[in-house]
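Residue-level listing of the chains:
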Amino acid sequence: MKFFKKLTISIFFLSSLISTTANAGDCKARLGDFDWSSANIHTAITQFILEKGYDCEVSVTKGSTTPIMAAHYDKQLDVITEVWYDNIIANYEPHEKAGTIKNIGVNTPDSQQAFYVDKATADKYNLKSVEDMKDPKIAALFKDPEDPSKGRMTSCISGWTCYTVNMVKQKEYGLDEFYTNFDPGSGGALDAAIAGAFAKKKPIFTYYWAPTGLMGKVDLVRLSEPAFDSDCWNRMSAVVEDIKANGPDVYKPSCACEYRDMALTKSVLTDWAKAHPAETAFLEKYTIPTATVNKMLAFYEDESDGDMELTAKEFLKTETMWKSWVPADVASKVTAAL
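What counts, and where the lines are drawn
- Residues numbered from 1 in each chain as written.
- Predicted model: local features only at pLDDT ≥ 70, side-chain atom pairs only at ≥ 80, totals over all residues.
- Heavy atoms only, no water.
- Helix = DSSP H or I, 4+ residues; strand = E, 2+ residues; numbered from the N terminus.
- Buried < 20%, exposed > 50% of the residue type's maximum accessible area, 1.4 Å probe, protein only.
- Core = buried A, V, L, I, M, F, W, Y, C linked by side-chain atoms within 4.5 Å.
- Contact = heavy atoms within 4.5 Å.
- pLDDT = per-residue confidence, 0-100.
- Phe/Tyr/Trp six-rings, centres within 6.5 Å; stacked < 30°, edge-to-face > 60°.
- Lys NZ or Arg CZ within 6 Å of the ring centre and 35° of its normal.
- Disulfide = S-S within 2.5 Å.
- Pairing = 2+ DSSP bridges.
- Axes fitted to C-alpha atoms, helices over the stretch in contact; angles between N-to-C directions.
- Left-handed = near helix turned anticlockwise from the far one by under 90°.
- Nonpolar A, V, L, I, M, F, W, Y, C, P; charged D, E, K, R; others polar.
- Expected span 1.5 Å × (residues − 1).
- Bend = angle between axes of the 7 residues up to and from the residue.

Caption draft 1: Quick peek at unusual backbone geometry. A cis amide bond links alanine 210 to the next residue, proline 211, at an omega of 15 degrees. For proline 211, the position within the fold is in the loop between β9 (205-210) and β10 (220-222). Within the chain, aspartate 55 stands out as a residue other than glycine whose phi angle is a positive 55 degrees. Its place among the elements puts aspartate 55 in the loop between α2 (37-54) and β3 (56-63). Even without being glycine, lysine 75 reaches a positive phi, approximately 65 degrees. The topology assignment puts lysine 75 in the loop between α3 (65-73) and β4 (79-83). Since its relative accessible area comes to 42%, lysine 75 is described here as partly exposed.

Caption draft 2: Main features of the nonpolar core. With 101 residues, the main nonpolar core has Ile45, Ile49, Met133, Tyr179, Phe205 and Trp325 as its most contacted residues. Looking at this core element by element, the count peaks at eight residues for α2. The contact partners of tyrosine 179, leaving out residues within four places of it in the chain, are Met133, Ile138, Ala139, Phe142, Lys150, Gly151, Arg152, Met153, Gln170 and Phe205.

Caption draft 3: Geometry of the confidence of the model for the chain. Looking at the chain, pLDDT values average 91 and 93% of them are 70 or higher. Low pLDDT, under 50, characterises residues 1-24; the stretch is placed with 34 contacts to residues that sit more than four places away or in other chains.

Caption draft 4: Representation of the packing of aromatic side chains. As enumerated under the stated definition, the model contains 18 aromatic pairs in all. Residues phenylalanine 282 and tyrosine 286 carry aromatic rings whose centres are separated by 6.3 Å and whose planes lie at 70 degrees to one another, so their mutual orientation is edge-to-face. The same class applies to phenylalanine 282 and to tyrosine 286, which are both buried. Judged by centre distance (4.5 Å) and plane angle (40 degrees), the rings of tyrosine 286 and tryptophan 325 are tilted. Pair noted here: tyrosine 286 is in the loop between α11 (277-285) and α12 (290-302) and tryptophan 325 is in the loop between α13 (308-318) and α14 (328-337), with a separation of 39 residues, a long-range link. According to the relative accessible area criterion, tyrosine 286 is buried, its value standing at 1%. For tryptophan 325, a relative accessible area of 4% translates into the label buried. An aromatic cluster is built from Phe34, Trp36, Trp160, Tyr207, Tyr208, Trp209, Phe228, Trp233 and Tyr259, whose rings are joined through pairwise contacts. Directly above the ring of phenylalanine 48 sits lysine 52, whose terminal nitrogen or CZ lies 5.9 Å from the centroid.

Caption draft 5: Quick peek at the state of the cysteines. Taken as a whole and judged by the stated rule, the model has three disulfides. Residue cysteine 156 pairs covalently with cysteine 162 via a disulfide, S to S 1.9 Å. Sign of the S-S torsion, about -105 degrees for the bond between cysteine 156 and cysteine 162, identifies this disulfide as left-handed. Take cysteine 156 and cysteine 162: they sit in the same class, and that class is buried. Here cysteine 232 connects covalently by a disulfide to cysteine 255, the sulfurs 2.2 Å from one another. On the S-S bond that ties cysteine 232 to cysteine 255, the torsion sits near 135 degrees, and the link is right-handed. With cysteine 232 in helix α9 (residues 230-246) and cysteine 255 in the loop between α9 and β11 (262-269), the pair connects residues that are 23 residues apart, well separated along the chain. Classification of cysteine 232 as buried rests on a relative accessible area of 7%. Residue cysteine 257 stays outside any disulfide, its sulfur separated by 4.1 Å from that of cysteine 232, the closest cysteine. A residue is classified by how much of its surface remains accessible, and cysteine 257, at 1% relative accessible area, is buried.

Caption draft 6: How the structure looks around the pairing of β4. Here β4 lies mainly inside the structure; five of its five residues are buried. The pairing of β4 with β11 spans three bridges and is antiparallel. Bridge pairing links valine 83 to threonine 265 in β11.

Caption draft 7: Fine view of the side chain of threonine 292. The residue threonine 292 is located in helix α12 in this model. In contact with threonine 292, not counting residues within four places along its chain, are Phe315, Glu319 and Met321.

Caption draft 8: Local environment of the packing of α2 against α11. Between α2 and α11, the least distance of the axes is 12 Å, while the angle of their chain directions is 145 degrees. When the axes of α2 and α11 are compared, the crossing they make is right-handed. Where α2 approaches α11, its residues Thr46, Ile49, Leu50 and Tyr54 are matched on the opposing element by Ala278, Glu279, Phe282 and Leu283. Here the contact of α2 with α11 is built from residues that sort into six nonpolar, one polar and one charged.

Caption draft 9: Structural view of helix α4 (residues 85-97). Its 13 residues place the ends of α4 only 14 Å apart at the C-alpha level, less than the 18 Å of an ideal helix rising 1.5 Å per residue. When the local axis directions of α4 are compared, the greatest deviation, roughly 60 degrees, occurs at asparagine 91, which is followed within four positions by the proline proline 94. Buried within α4 we find Tyr85, Asp86, Asn87, Ile88, Ile89 and Tyr92. Those residues of α4 that are buried are in contact with α3, β4, β5 (101-118), α7 (161-173), α9 and β11. Two residues or fewer after α4 comes glycine 99, characterised by a positive phi angle close to 85 degrees.

Put into structure tokens, the structure is as follows:
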């Protein structure tokens, strides 16, 4: 455990080298950001409003789920703008109950995570559930070039909790006999793997989620799994956290079920919230409909040339909902900065 803590701190400070810092003021906010686009958009919008509207000195540290959330629990990061709560509940709840951090409401009202197959392959072979995937002939359609004896399920990034969730799910469903749990390396590489398969008209079996810009561009069929059950999920999550801390050899059978379609939330350090009531009031009101997030993700991918700050400005210029999150004088300062 001591080694894991040192590793987490090392990763945190390494990622701090790419942090960004802006205008100094009485308010200081350390934002934790992740390596996927929907979180990046919320962080960019929040950063702009805090800097321009509240004269905050804002730093942003990016990384994968485990080190960023560990830094948040350790009081090194003040605000997390997108929390996939159900994925990390086993780790998050103890700190929440201890009063170190607090959940400050919904960021995006609904999200999805699941296993998917491209529609052409799903239709041709009548693939509707994870049980349908447990056939050597079906697995051969998705042959893993690095392990041709199995099919490839393109999974999460190894630093994301869902990578380990998917590993455990594969074992519980018996999919691990037929498929590798392939780590594409980054969110961008995951998108590229899916988009590339569609461009080449090749079968793909993959984990994916929404909101994303890509989901509106490709036709994926969601495979059914056992219905979400909170008790099952909690037992599985305990195994997941044990594996994350101690390695895959500590796996022990539990159960598995589908990801719950859930609202994404926001989190702050309790001490920071007490010291920054005005800024916290803004963050509590911050929420963006899923359809709008998808639209902004499409803008980011298709029109901004990969510029997240430009995407944040586009949202602030074209949408008015954000003006209800802040006092009129703050809204005026943000508008002037645009």
